[in-house]
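Listed here are the chains, written in short residue letters.
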Amino acid sequence: MLLSRAAAMQRCCKPRRNRILINTHSCFSTSLQHRHVRMEGSKIHRHHTRYPTPGDGHDFRMNIFGLLYSTSDIMALQDCVWTHKSFLPRAPARLLPNSGPYAILADVSDIASVMAVELKDGSPGLLAKNELRQTVAATLDDRHFQATMNLLQAFQNETDSLRKRELGQLISNVAFWSQWLIRGVLFEGKLHWQLFCESAVRAPLSKIAFSTNAALGRHQIEFVYDVFPDSVNLDKDVDYDDAKSIMDAVAAIDTLVGFRSIKGGSPEHNFRHIHSLMEYQMKRAFCGGEQILLGNVDGWNDVVEAARRANRVFQTMLRNTPPESYPQIRLPIKGVRGACGTVYHKHGVFYEGVGADEYVLEDGSRITGAYINNEWGQTGANSSMYKWFDLFCGVTQARQAYAADPISLSKMAAVFEGRMDSGQLGDNPIDSMQRAFDLFTRPPRHMKMLVDTEHRLRASGVLDVTKDPHILLQRLRLAYWVAQHRMTHGKYVLASIYQTVPVGGQSRAEGTGGSTPPFLKLFLDQTIQPARNFIIQLLMKKEKLNREELEEVMGYAREFDVFEATMEKVRMKGQQLEFDENVSNAHA
């Protein structure tokens, strides 16, 4: 455990030699130069006309305990995990192999797969018995870390493409299991009435997680969205107009790990794999998007239908994940950003062995490592699928999300070099959060796919076609389903967060990922803005619409008015909670 609160506050106000003071979010964060896993040689090409991604406008290397991973290594590893067919991984996460040169790493997945409070057969897991941390401590040792480093080096050296993909997927699976295991270690005490999360994650788990996640190009160790859903292969048709058919499909998705429960149909399983089935719809969307870019306007049918189906899946969320269940689900995916001193200790989390800072344990012994207290939490708002839809709606272009202007590039460079906090990337906190997700938590391959698609859309001019009212109507339909999703998200926040009792020191006002109450309203506004332009353009060409199409357009206009009014109430409720929490904290 950490020092007393008074001592913690004293250290926060008086940073030590190995720490860099950026702002109030990161007063404990260990500086890059004192981390053993860090980005080096970061160079943003200022003359680049496109948003920089690893190896394409942004050059750097990841120093992983002395092993150097170039952007080429990182993107090669990304290609082993992701495809161009959707934002889901090539294959579901698997248990780590218990034979071969890396067999010892099977211990990591063996422990994590039995950690959930409730296992598939209904029996209690390690978290229920308060035995996870002691099991990790008794099982993992330096051999596991050495095997991890051998695996990373073997991937670099492998020349056979099939074997390289196997190694790449193995690295991804180790990262997957270590991230889940870290969250279990951090939050086990919370399940057993501990005031704060675990104050330190001990080696070798910390070192295994940092090394594999860095090799994947991740710039933070906090739980990231792409670890939460999983690849799904539906072997039966789903009727997306029937809630029961959707719920049955979600419940049938097999999962190997979880926090509260891994049983199909349980609240946590449902919450997690609603997202998986939503992401699955991008296979259709990607096919349609490619047809659009090739000049086939029929591709819009698939893009719009994918968004509609994803919305239908999302609409079933509360049936198996009722509002009162969500505070327990939300707790272990909450990031350190904004939660230090309530959910987490004042210093955030200390990771042993990954840096040169010093930490004093409760028994007086000293360990070295890195402090982390300014990283973003897991949130569905970071899903790449809706950022892809935003490209075709015109949202991305309106907010200049991927603009490569000198100011944006300078801010990116400052963040990567540790001179500025990622919460200062944009013009306001919400814009900064969106940009931080792009830089820090979105998989590099996903980011490149988004940037490439945006570039192709601009180059092709397919979004500039305003003479064809049927294309405008398709874009309006797409914007409607995206706005409907964001409206539904707002209703869920109201029901499952604002109107429930938080547990474990959570804030009701602050989002799981670190956002503030206005962010949902802003997301909706960003969607509706171009949609209203489509409505205006269509009404100026109403003689080219039939009666049903004209009524459809006017129906969307009325719906958008309702969405805005409803979401404004959600925003006001959140800001009132935020005010009340600030007042309460000021008098604590």
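Scroll up to find the structure this text is about.
Source: prediction; values computed, not measured.

Engineer: Would you mind showing me how to read the pairing of strand β3 (residues 57-64) here?
Structural biologist: Across a regular strand the side chains alternate sides, sitting on one face of the sheet and then on the other. Across the eight residues that make up β3, a large majority, six, are buried. The sheet contact formed by strand β1 (residues 37-44) and β3 spans six bridges and is antiparallel. Paired with Met 39 across the strands is Met 62, a residue of β3. Taken together, the two bridges between strand β2 (residues 53-54) and β3 define a ladder with parallel strand orientation. Counted as the bridge partner of Thr 53 is Gly 57 from β3. Pairing of β3 with strand β4 (residues 67-70) involves four bridges; the strand directions are antiparallel. Looking across to β4, one finds that Asn 63 is bridged to Leu 68. Here β3 hands over to β4 after two residues, with Phe 65 in that stretch at a positive phi of 50 degrees.

Engineer: Looking at this structure, how should I read the environment of Thr 500?
Structural biologist: Its place among the elements puts Thr 500 in the loop between α19 (469-498) and α20 (519-539). Using a relative accessible area of 11% as the deciding quantity, one classes Thr 500 as buried. It is 7.4 Å that separates the C-alpha atoms of Thr 500 and Pro 327, two residues lying 173 residues apart in sequence. Beyond its immediate stretch of four places on either side in the chain, Thr 500 contacts Pro 323, Glu 324, Pro 327, Ala 495 and Arg 508. Only 2.7 Å separates the side chain of Thr 500 from the backbone oxygen of Ser 496, close enough to count as a polar contact.

Engineer: What's the story with the packing of helix α10 (residues 282-293) against helix α18 (residues 444-460) in this structure? I'm lost.
Structural biologist: Helix-helix packing is characterised by the crossing angle of the two axes and by the distance between the axes. Here α10 crosses α18 at 30 degrees, and the two axes come no closer than 10 Å. Put simply, α10 runs roughly parallel to α18. By crossing handedness, the relation of α10 to α18 is classed as left-handed. Residues Phe 286, Glu 290 and Leu 293 of α10 touch α18, and the partners they reach there are Met 449, Arg 456, Leu 457 and Ser 460. For the contact of α10 with α18, the per-class residue count stands at four nonpolar, one polar and two charged.

Engineer: Where do I start with the packing of helix α8 (residues 243-251) against helix α9 (residues 267-280) in this structure?
Structural biologist: Taken N-terminus to C-terminus, the directions of α8 and α9 make an angle of 105 degrees; their axes are 9 Å apart at the nearest point. Overall, the two elements α8 and α9 adopt an arrangement that is roughly perpendicular. In contact with Ile 246, Ala 249, Val 250 and Ala 251 of α8, α9 contributes His 269, Asn 270, His 273, Ile 274 and Leu 277. For the contact of α8 with α9, a count of residues per class yields six nonpolar, three polar and no charged.

Engineer: Would you mind going over the packing of aromatic side chains with me for this structure?
Structural biologist: Centre-to-centre distance and the angle between the planes together describe a pair of aromatic rings. Within the structure shown, the criterion is met by 26 aromatic pairs. Relative to Tyr 359, the ring of Phe 350 has its centre 4.8 Å away and its plane inclined at 20 degrees; by these criteria the two rings are stacked. We note that Phe 350, like Tyr 359, is buried. Note on Trp 376 and Phe 437: the rings are 5.7 Å apart at their centroids and 75 degrees apart in plane angle, and the pair reads as edge-to-face.

Conventions adopted
- Residues numbered from 1 in each chain as written.
- Predicted model: local features only at pLDDT ≥ 70, side-chain atom pairs only at ≥ 80, totals over all residues.
- Heavy atoms only, no water.
- Buried < 20%, exposed > 50% of the residue type's maximum accessible area, 1.4 Å probe, protein only.
- Helix = DSSP H or I, 4+ residues; strand = E, 2+ residues; numbered from the N terminus.
- Pairing = 2+ DSSP bridges.
- Contact = heavy atoms within 4.5 Å.
- Polar contact = N/O pair within 3.5 Å; in protein donor to acceptor, adjacent residues only side chain to side chain.
- Axes fitted to C-alpha atoms, helices over the stretch in contact; angles between N-to-C directions.
- Parallel < 35°, antiparallel > 145°, perpendicular 65-115°, else oblique.
- Left-handed = near helix turned anticlockwise from the far one by under 90°.
- Nonpolar A, V, L, I, M, F, W, Y, C, P; charged D, E, K, R; others polar.
- Phe/Tyr/Trp six-rings, centres within 6.5 Å; stacked < 30°, edge-to-face > 60°.

Spatial relationships are all this shows, so hold off on functional conclusions.
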